[in-house]
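The primary structure of each chain is shown beneath.
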Amino acid sequence: MADILSGGIAGIGFTWKSCPSMTELEMSSLDWVVDLMGLPEHFKNSHDGPGCGIIQSTASDSTMIAIMAARASHVERIKAEPTFMKWVSETGVGKTLKGIFDRVKVNKIDDEASGIIAPYFHDPAVFERFVMYCSDQAHSSVEKGAMLSAVRLRKLKATRGFLGNYGVTNETLQNAIKEDRARGYIPFIFLATVGTTCSCGVDQIDELGPVCVEEGLYLHVDAAYAGTFALCDEFKYLTRGMEHVDSFNFNLHKAGMINFDCSPMFFKNGTHVSRYFNVDAIYLAHEYQSTAADYRHLQVALGRRFRSLKIWFVLRNMGADKIREYLRRTELLAAEFAKLILENGKFEHFVPQHLGLTCFRLKNSTNADNEKLCNAINDDRRIHLVPSTVHGTYFLRMVVCSQLTTLDDVIYGRDVIFEIADRLF
Ligand code: PLP
């Protein structure tokens, strides 16, 4: 309904003035989300500080914005206070960076004859040695974000730990920062994942956050799927440590009973970040721009849809408790499947079931066996499984992610898997 209304209103939302209600409702509805999830108050639009929330289209967009914001912030620091780089002389990085400050372009027309404009915050001469980090379990959109932001990416090996699943440890992050500085690179952001795509593993923000703060790295959290579960008290461990985070994003359109697209993104210091995306044209200027929020400064596109109607309608229609009920049912059904799949003694869990996801494989088997089984299940067409691999081990994945899924469906899924496994092995 909200999408139909958004389409019907046909607002383009270029600026606050072009559709004030679009911006105002987005600001309010994201404050409600902060309250419902117990996120830090400083993420609220109504908070006195510089924090804010915005609805992006996707997690990929948010990742890209976070990388570019972190990159610009680091460029700004280097340009503003070259002493920030005093470790340069200690590590020998200085040789690699020789001349970097001479080449820095300021925010002006670079060349009067041609009119070429050099970007100040997005100055490639400064960020050419930048390196960013993520887990080797991060979603492919992180690699895409790094690629399009033209920065180096180092994927850190995730190890089994928290919840028996895969995540990056402080030690791994700290070692990488040390090694890369010695190699002449400039680490600038750690892009953490809460709820990895392959196995729903978690990079522990309460542990990694202090490392980022100490080392001066921007911290973005991609919680595309898992984030919504923090609406429930028992899943609040997912958002522990959020006070250390520079930006946090999750897709309400995944587990939040809201249709695509609705991807809230919160910034600790949105006012600061908005300067990196600011281009002012006379046709966009309005008399309220010094007092009203213009979301165009926190996204790539200028125009935007009235996405907050979806949060408002869903909360008004069903209430947060209905979403919580759905999240809990999802998790319970997944836990049920995790038990059922062990019943014939042929299967084992690859990692413990987490939220709606169960990862499993045949016991004492090869990757080829599991791939053969997965292909046979999908060729059969009664159910569909999307497999994955972690560090070379292939496994099958069953996820409960629909409001319509019942225990009968879960039992049916188990029966189909057992029947086909019995036929093949
Ligand atoms: N991050 C994670 C952890 C995901 O699981 C996904 C999609 O499955 C994404 C990012 C990409 O999401 P989007 O389609 O919103 O860009």
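Computed from a predicted structure; not experimentally measured.

Focus on the packing of aromatic side chains
Move 1: Under the counting rule described, the total for this entry stands at 17 aromatic pairs.
Move 2: With centroids separated by 6.1 Å and ring planes inclined at 70 degrees, the aromatic side chains of F162 and Y237 adopt a geometry described as edge-to-face. With a gap of 75 residues between them, F162 in the loop between β6 (159-160) and β7 (166-167) and Y237 in the loop between β9 (218-222) and β10 (247-249) connect regions that are remote in the sequence.
Move 3: Take F162: its relative accessible area is 22%, and that puts it in the partly exposed class.
Move 4: Taken together, the ring pairs connect F162, Y225, F229, F235 and Y237 into an aromatic cluster.

Observations concerning empty space enclosed by the protein
Move 1: One pass over the full model with this rule turns up three cavities of 30 Å³ or more.
Move 2: Put simply, the largest cavity is a space of about 90 Å³.
Move 3: V33, L36, M37, L231, F250, L252, I258, I311, V314, L315 and I323 are the residues that line the largest cavity.
Move 4: Of all the secondary structure elements, the ones that give two or more residues to the lining of the largest cavity are α2 (20-37) and α13 (308-317).
Move 5: Residue composition of the lining of the largest cavity, by class: eleven nonpolar, no polar and no charged.
Move 6: Its volume calculated, the second largest cavity comes out at about 50 Å³.
Move 7: Of the residues belonging to the lining of the second largest cavity, the class tally is six nonpolar, one polar and three charged.

A look at the packing of helix α9 (residues 170-182) against helix α10 (residues 205-215)
Move 1: Closest axis-to-axis distance for the α9/α10 pair is 9 Å, and the angle between their directions is 25 degrees. The pairing of α9 with α10 is recorded here as roughly parallel in orientation. In this structure, α9 meets α10 at a crossing whose hand is right-handed. Listed contacts from α10 to N170, L173, Q174, I177 and R181 of α9 are E207, L208, V211, C212 and E215.
Move 2: When the residues that make up the contact of α9 with α10 are grouped by side-chain class, the tally is five nonpolar, two polar and three charged.

Focus on the domain arrangement of the chain
Move 1: Looking at the assigned domains, one finds that the chain contains domain 1 (2-317) and domain 2 (321-424).
Move 2: For domain 1 versus domain 2, the distance between C-alpha centres works out to 33 Å.
Move 3: Of the residues lining the interface, 31 residues belong to domain 1; the matching set on domain 2 comes to 24 residues.
Move 4: For the domain 1 and domain 2 pair, buried surface summed over both sides reaches about 2200 Å², with 65% attributable to carbon and sulfur atoms.
Move 5: If you sort the residues of domain 1 by the area they bury against domain 2, C198, F229 and M257 come out on top, with a joint share of 25%.
Move 6: Joining domain 1 to domain 2, the criterion identifies one salt bridge.
Move 7: Residues R328 and E234 are paired through a salt bridge, measuring 2.5 Å at the closest nitrogen-oxygen approach.
Move 8: Counting across the domain 1 and domain 2 interface gives ten residue pairs in polar contact (both at pLDDT 80 or more).
Move 9: Here the residues of the side of domain 1 that touches domain 2 sort into 19 nonpolar, seven polar and five charged.

Concerning the sheet that holds strand β4 (residues 130-135)
Move 1: Reading across the sheet, the seven strands line up as β1-β11-β10-β9-β8-β4-β5 and stay open at both edges, with mixed pairing between neighbours. Because the sheet does not close on itself, it has two edges, and the strands there are β1 (52-56) and β5 (152-156). Neighbour-to-neighbour, the strand axes of this sheet turn through a mean angle of 20 degrees, independent of strand direction.
Move 2: The pairing of β10 with strand β11 (residues 263-267) spans three bridges and is antiparallel. Paired with N249 across the two strands is M265, which belongs to β11.
Move 3: The strands that α10 touches are β8 (186-193) and β9; relative to β9, the one it contacts most, it runs at about 155 degrees.

Re unusual backbone geometry
Move 1: In the segment running from F260 into D261, the intervening peptide bond is cis, with an omega of 10 degrees.
Move 2: Along the chain, the position of D261 falls in the loop between α11 (252-255) and β11.
Move 3: In this structure, C200 is a non-glycine residue whose phi angle is positive, near 60 degrees.
Move 4: Tracing the chain through its elements places C200 in the loop between β8 and α10.
Move 5: Given a relative accessible area of 2%, C200 falls into the buried group.
Move 6: Of note in this structure, R381 is not a glycine but carries a positive phi near 70 degrees.

Scoring rules and cut-offs
- Numbering of residues begins from 1 in every chain and follows the order in which that chain's sequence is written.
- Restriction of local features to residues with pLDDT of at least 70 applies here, the model being predicted, together with a cutoff of 80 or more for giving and counting side-chain atom pairs; totals for whole chains, interfaces and linings are based on all residues.
- To get the side-chain values, all heavy atoms of the structure are used, and hydrogens and water are removed first.
- The rule is short: rings of Phe, Tyr and Trp, with Trp giving its six-membered ring, pair when the centres are within 6.5 Å, and they are stacked under 30 degrees, edge-to-face over 60, tilted in between.
- Secondary structure elements are defined from DSSP: runs of H or I of at least 4 residues count as helices, runs of E of at least 2 residues count as strands, and each element is numbered from the N terminus.
- Think of it in three bands: with a 1.4 Å probe and only protein chains considered, a residue is buried below 20% of the maximum accessible area for its type, exposed above 50%, and partly exposed in between.
- Both cavities and pockets are sets of points on a 1 Å grid over the protein atoms alone; in a cavity a 1.4 Å probe fits but cannot get out, in a pocket the set is open with protein on both sides within 12 Å along at least five of seven lines, and lining residues sit with an atom within 4 Å of a point.
- Grid points are joined across faces, edges and corners, and a volume is the space filled by probe spheres set on the points.
- Residue polarity follows a fixed list, in which Ala, Val, Leu, Ile, Met, Phe, Trp, Tyr, Cys and Pro are nonpolar, Asp, Glu, Lys and Arg are charged, and the others, Gly among them, are polar.
- Angles here are taken between N-to-C directions and fall from 0 to 180 degrees, while the axes themselves are lines fitted to C-alpha atoms, restricted in helices to the stretch in contact.
- Relative orientations are named as follows: roughly parallel for angles under 35 degrees, roughly antiparallel for angles over 145 degrees, roughly perpendicular for angles from 65 to 115 degrees, and oblique for any other angle.
- Take the far helix as your reference; a near helix turned counterclockwise from it by less than a right angle gives a left-handed crossing, and one turned clockwise gives a right-handed crossing.
- Between two residues, a contact is recorded if the distance between any of their heavy atoms is within 4.5 Å.
- All domain edges in this entry derive from an automatic or database-based domain assignment.
- Buried area, as used here, totals the accessible surface that two parts lose on assembly, with accessibility defined by a 1.4 Å probe and the loss added over both.
- Just to be clear on terms, a salt bridge is a Lys or Arg side-chain nitrogen sitting within 4 Å of an Asp or Glu carboxyl oxygen.
- Polar contact criterion, stated in full: a pair of N or O atoms within 3.5 Å, where within protein one must be able to donate a hydrogen and the other to accept it, and residues adjacent in sequence count only if both atoms are side-chain atoms.
- The pairing criterion for strands is at least two bridges between them, as found by DSSP.

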